[in-house]
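Given next are the chains, with one letter for each unit.
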Amino acid sequence: MTYDTLIRRGRWFDGTGAPSSIADIGIHDGRIVAVSAQPLDPAGCRTVIDATGRWVLPGMVDIHTHYDVEVLGGPALSESLRHGVTTVLLGSCSLSTIHIGAEVAGDLFGRVEAIPRRHVIANVDSRKNWRSAAEYVDALESLPLGPNLAAFIGHSDMRAATMGLDRATRKEVAPEPEELLRMEKMLNEALDAGFVGMSSQQLLFDKLDGEVCRSRTLPSTYAKAPELRRLGAILRTRNRVLQTGPDISRPWNVLSQAFGSLGLGRRRQLKTSLLSAADIKARPEVIHAMGPIARFINKLGGNFRWQHLPVPFEVYADGIDLAVFEEFGSGAAALHLQTEVDRNELMQDEDYRRAFRKDYGRKYGPRVWHRDFFDAEIVECPDTSVVGKSFGQVGVDRGGLHPVDAFLDLVVEHGNHLRWRTTISNHRPELLKKLAVEPGVQLGFSDAGAHLRNMAFYNFGLRLLRHVHSAAEAGTPFMTIEHAVHRLTGELADWYDIDAGHLRIGDRADLLVLDPDHLDEQLDAYSESRLEQFGGLSRMVNRNDETVCAVMVNGELVFESGSPTAVLGKRRVGRFLRTRTGGSPAPSPHDRSAHPTPQGV
């Protein structure tokens, strides 16, 4: 037969974990129609890609993004696509734009996800033309999408739209019966439209932006058990996913979220994806409990997973603008203030500094930041004498100044022109290896589209593959390449019940061609790129153009040698992926236990 695209002699991975092999892959009308161990005839084929010495993988699935705002004005989402991510999930952490208006969206996304509030408002206000989940899907599919999309509906979105943001963020206010019924209707309508489930959030250092409700926590954090049970019952009945984050200040809340996955009696299990499995520097012992917790819950009949970023969690900050400061009182007090003048006045106050030093000195209890300014390197500053030093060392150089005072002095003097970095978690390679193979852990949590000046994990999948490949090359393997590919592709797609992550006959042609010789140090670096729809904001991105040779979505070539093709952003390539009918994965055309003999069709 005649193919639209022929990929020749690449090492083919089908996304199931089965053994890879050298094959030709024929694509027609957006689908894989041939996989052959023997060369296929290229006659009449429009595009032939020579993949000799390269890997051909299913497009990767990113299960945790905050592209909800960016997708409206920049639907190509090229910063994920260029690294072989062909499917992204929207609506994480209780945040979506299905029912709320532009101003409330600005309050929800602005500070929590570090997307400037004014740009959130402008993008939502100028492009929102939907009033329901089904209309939202139609609106997305009217855009020139780059990757495929799937979505959660956000609990905070539903709560704020139903109760109003002020009432939805008051401890003493519970939804009226008719308001709870309306939220149930919103959730059912979203699931009818093919959403993968609902996202919620209990984490208490995610704070609102804006004026009226500034510094309150997200609406979903105010929901009481009866509300959560009723929404959860819908997800159980329909076998859809609850993505949620626990209140880490209450360890029992973590366990209650995990045990909530269990089905009891006639009640169905609740598919639960919990944030997050991380080897936190501040609490190095915690990571050792996460795998056993997941295994125990699932052995009892639950369907529970941790989300995990499989690379070191390195963050950057301009001045004091970093979410980790929200987790203690003095840090949150500074971020509550909106102007540099007000912040500087506060940070020069000795009583405030005393409180900050006290918070900094608290090394015990639930927290994310290690609170060690000796482990925080200055990378940019008008005062070049401090570049390359830690704040702690600056304090030493300035006559034994406390690290907090050294930090605050530099922030007051240089504001956002002071740029620094630190690694919060996932710093021990041996534990990253253990998490990579832990069945109760899902590999994702990139936060793509958020924290634009703080981090860049768009290529996390490539970095995991490098880790696996390098270990194998060194003779110390900890998992096979096939297993790693499966974990980044088919395993995720099957669990979230979407048509993605596989590269077999009949599957959609979402794929990347990768050069394993360039799984190297270039993957660790970050670059900066202007985001025009956000006023030309310079955001952190990844650039490893020699690693990914080609990316295809639904059979269309969208990236080639690091450059977008003419089709990207001009017409729709990606699709909105609805969950499969009935909530169960479609039967696989191949048994994972035994790889079929490749053949042409």
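Structure: above.
Below is a summary of the structure that appears in this document. Since the structure is predicted, the reported quantities are computational estimates derived from the model, not experimental observations.

A count of helical and extended segments in the chain gives 20 helices and 22 strands. Since a compact globule built from 601 residues should have a radius of gyration of about 25 Å, the 24 Å found for the chain is in line with a globular shape. Its C-alpha atoms give the chain principal-axis dimensions of roughly 75 × 60 × 50 Å. Within the chain, the fraction of its 601 residues that count as buried is 60%. Summarising the internal contacts of the chain: among those between residues at least 6 apart in sequence, 76% fall at separations of at least 24. When the accessible surface of the chain is split by element, carbon and sulfur atoms take 52% of a total near 22400 Å². One finds the centroid of the 70 positive side-chain charges in the chain at a distance of 5 Å from the centroid of its 77 negative side-chain charges.

To continue, consider the sheet that holds strand 14 (residues 377-380). Two pairing modes exist for strands in a sheet, parallel and antiparallel, and in both the strands are linked by backbone hydrogen bonds. Across the sheet, which stays open at both edges, the three strands sit in the order 13-15-14 with antiparallel pairing between neighbours. In this open sheet, the two strands that pair with only one neighbour each are strand 13 (313-318) and strand 14. For this sheet, the mean inter-axis angle between neighbouring strands, taken without regard to orientation, is 35 degrees. Inspection of the sheet shows strand 14 paired to strand 15 (residues 419-425) by three bridges, in the antiparallel sense. Opposite Glu377, over in strand 15, you have Arg421 as the bridge partner.

We now examine the packing of aromatic side chains. In this structure the tally under the stated criterion is 28 aromatic pairs. Look at Phe325 and Trp369: their rings are 5.2 Å apart centre to centre, the planes differ by 65 degrees, and that puts the pair in the edge-to-face class. With Phe325 in the loop between strand 13 and helix 12 (329-336) and Trp369 in the loop between helix 14 (350-361) and strand 14, this pair connects stretches of sequence that are 44 residues apart. Note on Trp369: relative accessible area 1%, which makes it buried. Between Phe325 and Trp420, the ring centres sit 6.2 Å apart and the planes meet at 65 degrees, which makes this aromatic pair edge-to-face. Placement of the pair is Phe325 in the loop between strand 13 and helix 12 and Trp420 in strand 15, with a sequence separation of 95 residues. As far as burial versus exposure is concerned, Phe325 and Trp420 are alike and both buried. One aromatic cluster is present, formed by Phe325, Phe328, Tyr352, Phe356, Tyr360, Trp369, Phe373, Phe391, Phe407 and Trp420 through successive ring pairs. When the ring centre of Tyr360 is taken as origin, the NZ or CZ atom of Lys363, which lies over that ring, is 4.4 Å away.

Attention shifts here to the packing of helix 10 (residues 251-259) against helix 11 (residues 287-299). For any two helices packed against each other, one specifies the crossing angle of their axes together with the interaxial distance. Axis separation between helix 10 and helix 11 bottoms out at 10 Å; the angle between their running directions is 35 degrees. Helix-helix and strand crossings are classified by hand; for helix 10 and helix 11 the assignment is right-handed. Along the contact surface, helix 10 presents Leu255, Ala258 and Phe259, while helix 11 presents Ile293, Phe296 and Ile297. Its residues assigned to classes, the contact of helix 10 with helix 11 shows six nonpolar, no polar and no charged.

Reading the values: the criteria
Residues numbered from 1 in each chain as written. Predicted model: local features only at pLDDT ≥ 70, side-chain atom pairs only at ≥ 80, totals over all residues. Heavy atoms only, no water. Helix = DSSP H or I, 4+ residues; strand = E, 2+ residues; numbered from the N terminus. Rg over C-alpha atoms; globule rule 2.2 N^0.38 Å. Buried < 20%, exposed > 50% of the residue type's maximum accessible area, 1.4 Å probe, protein only. Contact = heavy atoms within 4.5 Å. Areas by Shrake-Rupley, 256 points an atom, 1.4 Å probe, with all protein chains shown as cover. Lys, Arg positive; Asp, Glu negative; His and termini not counted. Charge placed at Lys NZ, Arg CZ, Asp CG, Glu CD. Pairing = 2+ DSSP bridges. Axes fitted to C-alpha atoms, helices over the stretch in contact; angles between N-to-C directions. Phe/Tyr/Trp six-rings, centres within 6.5 Å; stacked < 30°, edge-to-face > 60°. Lys NZ or Arg CZ within 6 Å of the ring centre and 35° of its normal. Left-handed = near helix turned anticlockwise from the far one by under 90°. Nonpolar A, V, L, I, M, F, W, Y, C, P; charged D, E, K, R; others polar.

Don't take any of this as a statement about function, it's just geometry.
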